[in-house]
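Commentary on secondary and tertiary structure
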Amino acid sequence: MQPIVKGRYTVRLAAGPADLARAQDLRHLAFRARRGLGDRLDGDAYDRTCQHMLVEDHGAGNLVCCFRLLLLPAGGIGHSYAAQFYDLHRLQGFAGPTLELGRFCLHPDHPDPDILRLAWAALTRIVDAQGVGLLFGCSSFPGADASRHAQALALLAQAHLAPGRWRPAVKAPHIYPFATALQAIQPDARAALSAMPPLLRTYLMMGGWVSDHAVLDHDLDTLHVFTGVEIAAIPAARARALRALAG
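Residues numbered from 1 in each chain as written. Predicted model: local features only at pLDDT ≥ 70, side-chain atom pairs only at ≥ 80, totals over all residues. Heavy atoms only, no water.

Moving on to the overall build of the protein chain. Per the secondary structure count, the protein chain includes seven helices and twelve strands. For a compact globule of 247 residues, the expected C-alpha radius of gyration is about 18 Å, and the protein chain comes in at 17 Å, within 12% of that figure. For the protein chain, buried positions account for 50% of its 247 residues. Of the contacts made within the protein chain by residues no fewer than 6 positions apart, 73% connect residues no fewer than 24 positions apart. Within the structure as shown, the protein chain displays about 11,200 Å² of accessible surface, and the carbon and sulfur contribution to it stands at 54%. A gap of 5 Å separates the mean positions of the 24 positive and 21 negative side-chain charges of the protein chain. (Helix = DSSP H or I, 4+ residues; strand = E, 2+ residues; numbered from the N terminus. Rg over C-alpha atoms; globule rule 2.2 N^0.38 Å. Buried < 20%, exposed > 50% of the residue type's maximum accessible area, 1.4 Å probe, protein only. Contact = heavy atoms within 4.5 Å. Areas by Shrake-Rupley, 256 points an atom, 1.4 Å probe, with all protein chains shown as cover. Lys, Arg positive; Asp, Glu negative; His and termini not counted. Charge placed at Lys NZ, Arg CZ, Asp CG, Glu CD.)

Printed below as a string of C-alpha cells:
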C-alpha cells in the first residue's frame, strides 16, 4: 500500500523490525504501562504473521497510532487472534476473505480525530484491494469491572448485537453476558456512545455488530467484545466518504 499523506499525518505500512518495535512500544504505553506490566514492548506470536500500520506525525516524527492486520481466506477465521477468546464456528461459513484488525491504539497525548479518519482510509484501501467481506476484531474497554461500562454495554445489547447466523459463542473462561444481564436497563444513548472506545463507535457507525458477551481480561484490566462489520452492509454514503479520503 502506498502511504497516505493528509495534513500533518502520514499513514503507511511498517517497513521492518525498527518500525515494528516502535509499534510495540506504543502498544505498551497504551495497554500495559498504566498497569506497570511487562517491559517496554508489547508483542506476541501474531506479530510475525500480521501487517502493521503506522500513523505518524511527520512534522514531529512521532508515532501517534498503530494497529495490525491479519488477512484470512474464506473459512480461516479460526486462525485469528480473536478465535482464542470467542467460539467463531458460525463465522467459518462466511464467504470470501476476512480481515482482523488488532492491537489498535492511539497515543494518549494525541486525541486528534483526524488520526482515526486516516486509519480508516488506509483500511479502506486494503479492504478494497483484497476483496475483504468482513472486518473484525476485539474492541477493548479500559477496566475489567463490567459495572463501569453498564450504559455502553446496555446500548450494545439493545441495538447492536450480531445477527444470529454469525453470533460468536462463549469460549473464554471469564466472561460477562451483558445481553442478558442488562436487558432491563434502558441506556442513555448519548452517554453510552461517549463511554465507548472511539474504534468501537466507528464500527457501529458503519453498521457493525458485537458479541452478546464480553471477555474479561484481569491481567490488562480490560474487557472486550467481538466486533464485526460486513463490508457490503456499510451505508453507501459512508463508504463513498471513506473511499474519497483513501484517494
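In terms of residue burial, strand β6 (residues 98-106) counts as a mostly covered element, since eight of its nine residues are buried. As paired strands, strand β4 (residues 62-72) and β6 are joined by seven bridges and run antiparallel to one another. Looking across to β6, one finds that L69 is bridged to L101. Bridge analysis of β6 against strand β7 (residues 134-142) gives three bridges, and the strand direction is parallel. Bridging from a neighbouring strand, T98 pairs with L134 of β7. Handedness of the β6-helix α2 (residues 113-130)-β7 crossover: right-handed. (Pairing = 2+ DSSP bridges. Right-handed = clockwise from strand over helix to strand, strands pointing away.)

Okay, the nonpolar core next. Counting 34 residues, the largest nonpolar core has F67, L101, W120 and L135 as the members making the most contacts within it. When contributions to this core are tallied by element, the ones reaching two or more residues are β2 (9-13), β3 (51-57), β4, β6, α2, α6 (198-205) and α7 (236-246). Beyond its immediate chain neighbours, meaning those up to four positions away, L101 contacts F67, R68, L69, L123, L135, F136, G137, C138, L199 and Y203. Core analysis: the next-biggest nonpolar cluster, separate from the first, contains 20 residues, A157, L200, L204 and V210 among them. (Core = buried A, V, L, I, M, F, W, Y, C linked by side-chain atoms within 4.5 Å.)

Along the polypeptide, A169 turns up in strand β8 (residues 169-170). Separated by 44 residues in sequence, A169 and H213 have C-alpha atoms that sit 8.5 Å apart. Ignoring anything within four residues of it in the chain, the contact list for A169 reads Y86, D87, H89, R90 and H213.

A few words on the packing of aromatic side chains. The full count for this structure, using the stated rule, is eight aromatic pairs. Where Y86 meets F226, the ring centres are 5.7 Å apart and the plane angle is 65°; that geometry is what we call edge-to-face. Taken as a pair, Y86 in strand β5 (residues 86-87) and F226 in strand β12 (residues 222-230) lie far apart in primary sequence, 140 residues in all. Owing to a relative accessible area of 0%, F226 belongs among the buried residues under this scheme. Where F136 meets F226, the ring centres are 5.7 Å apart and the plane angle is 20°; that geometry is what we call stacked. Pair noted here: F136 is in strand β7 and F226 is in strand β12, with a separation of 90 residues, a long-range link. Each member of the pair F136 and F226 is classed as buried. (Phe/Tyr/Trp six-rings, centres within 6.5 Å; stacked < 30°, edge-to-face > 60°.)

Moving on to the packing of α2 against α7. In contact at an axis separation of 8 Å, α2 and α7 are set at 95° when each is read in the N-to-C sense. Classified by the interaxial angle, the pair formed by α2 and α7 is roughly perpendicular. From α2, R117, L118, W120, A121, T124, R125 and D128 reach across to α7, where they touch L242, R243, L245 and A246. Of the residues that constitute the contact of α2 with α7, the class distribution is six nonpolar, one polar and four charged. (Axes fitted to C-alpha atoms, helices over the stretch in contact; angles between N-to-C directions. Parallel < 35°, antiparallel > 145°, perpendicular 65-115°, else oblique. Nonpolar A, V, L, I, M, F, W, Y, C, P; charged D, E, K, R; others polar.)

Positionally, A119 belongs in helix α2. Each C-alpha atom of the pair A119 and V55 lies 7.2 Å from the other, and the pair is 64 residues apart in sequence. Other than its neighbours up to four places away in sequence, A119 contacts F67 and F104.

Moving on, we come to unusual backbone geometry. Note on backbone geometry: most residues besides glycine have negative phi, and most peptide bonds are trans. If you check the backbone angles, R103 has positive phi at about 50° while not being a glycine. The residue R103 is located in strand β6 in this model. A positive phi is found at D221, a non-glycine position, where the angle reads about 55°. Inspection of the secondary structure puts D221 in the loop between β11 (214-217) and β12.

Interpretation note: all reported values are geometric properties and have no functional meaning in isolation.
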